[in-house]
Amino acid sequence: LVPFISMLFLTLLLLFLALFPGAFNCCTKISDEIPKGILRRVEKFEIQKTDGLCHLEAVILYIENRKFCVSPQIRRVTKWMKKHKHKISRKNHRGKKQRRTKIIKKKVKKQ
């Protein structure tokens, strides 16, 4: 009975992770200050909204595969985001970056 329960728990956990991949990727704490040196090294950023699984509004800054969660109310951050809009990370619902694909229509010859 114990192996069955543990196997059921593991299966449910894996199912949850598959259905909600961002559940454990939310910022739970945010900083109210950010040094200029960190903003200079930011490679990309995301805006975390309070809807969905995340219950805290934040700006996620990515620097060398590390993330920093800061308050979107920091004036320095809002000014920086307006200036660096090209660094925003655009993700689709599965967490992968979207790519533009060019659709090419083939001409059909009439006979």
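Our structure's up above, just so we're on the same page.
Note that the structure is a prediction, hence the values are computed from the model and not measured. Position labels on residues start from 1 in each chain and follow its written sequence. Residue-level local features of this predicted model are given only where pLDDT is at least 70; pairs of side-chain atoms are given and counted only at 80 or more, and the full residue set underlies all totals for whole chains, interfaces and linings. Derived side-chain values reflect all non-hydrogen atoms in the structure, with water molecules and hydrogen atoms excluded from consideration.

## Section: unusual backbone geometry
The phi angle at Glu-64 is positive, at roughly 50°, despite the residue not being glycine. Think of it this way: any DSSP run of H or I at least four residues long counts as a helix, any run of E at least two long counts as a strand, and we number them from the N terminus. Following the sequence through the fold, Glu-64 ends up in the loop between strand E2 (58-63) and strand E3 (66-70).

## Regarding the environment of Cys-26
Structurally, Cys-26 can be placed in the loop between helix H1 (2-19) and helix H2 (36-40). Each C-alpha atom, one on Cys-26 and one on Leu-53, is 7.7 Å from the other, the two residues being 27 residues apart in sequence.

## Quick word on the sheet that holds E2
When DSSP locates at least two bridges between a pair of strands, those strands are taken to pair. Strand order across the open sheet formed by 3 strands is E1-E2-E3, with antiparallel pairing between neighbours. Edge positions in the sheet fall to strand E1 (44-48) and E3, since each of these pairs with one other strand and no more. Averaged over neighbouring strand pairs, the angle between their axes works out to 25° when direction is ignored. Relative to E3, E2 runs antiparallel, the two being bridged by 5 bridges. By the bridge assignment for E3, Val-59 is matched with Val-70. Two residues qualify as a contact provided that any one of their heavy atoms is within 4.5 Å of a heavy atom in the partner residue. A fitted line through C-alpha atoms represents every axis, and for helices the fit uses only the stretch in contact; the resulting angles, taken between N-to-C directions, go from 0 to 180 degrees. Sheet contacts for helix H3 (residues 75-83): E1, E2 and E3; angle to E2, the most-contacted strand, approximately 65°.

## Examining the nonpolar core
Only buried residues count toward a nonpolar core. Its members are Ala, Val, Leu, Ile, Met, Phe, Trp, Tyr and Cys residues joined through side-chain atoms within 4.5 Å. Buried means the residue's accessible area, taken with a 1.4 Å probe over protein chains only, is under 20% of the maximum for its type, while exposed means over 50%, and partly exposed covers the values in between. Among the nonpolar cores identified, the biggest contains 13 residues, and Ile-34, Val-59, Leu-61, Val-70, Val-77 and Trp-80 are the most heavily contacted of them. Of all the secondary-structure elements, those providing two or more residues to this core are H2, E2 and H3. Residues within four places of Ile-34 in sequence aside, it is in contact with Leu-39, Leu-61, Val-70, Ile-74, Arg-76 and Val-77. Membership of the second largest hydrophobic core comes to 5 residues, among which are Cys-27, Ala-58, Ile-60 and Tyr-62.

## Observations concerning the packing of aromatic side chains
Two aromatic rings from Phe, Tyr or Trp, using only the six-membered ring of Trp, form a pair when their centres are within 6.5 Å; if the ring planes differ by under 30 degrees the pair is stacked, by over 60 it is edge-to-face, and anything between is tilted. With the rule as written, the count across this model stands at 1 aromatic pair. Between Phe-45 and Trp-80, the ring centres sit 5.4 Å apart and the planes meet at 70°, which makes this aromatic pair edge-to-face. Linking Phe-45 in strand E1 with Trp-80 in helix H3, this pair joins segments that are 35 residues apart in sequence. Exposure class is identical for Phe-45 and Trp-80. Each is buried. Between the NZ or CZ atom of Lys-44 and the centre of the ring of Tyr-62, over which it lies, the distance is 5.0 Å. Charge over a ring is defined by NZ of Lys or CZ of Arg lying within 6 Å of the ring centre and within 35 degrees of the ring normal.

## Notes on the environment of Phe-68
By secondary structure assignment, the location of Phe-68 is in strand E3. In this structure Phe-68 comes out as partly exposed when scored by relative accessible area, which is 21%. Note: C-alpha distance between Phe-68 and Ile-38 (30 residues apart in sequence) is 9.3 Å. Phe-68 has contacts with Ile-38, Val-59, Ile-60, Leu-61 and Ile-63, leaving out every residue within four places of it along the chain.

The values are spatial; any link to function lies outside them.
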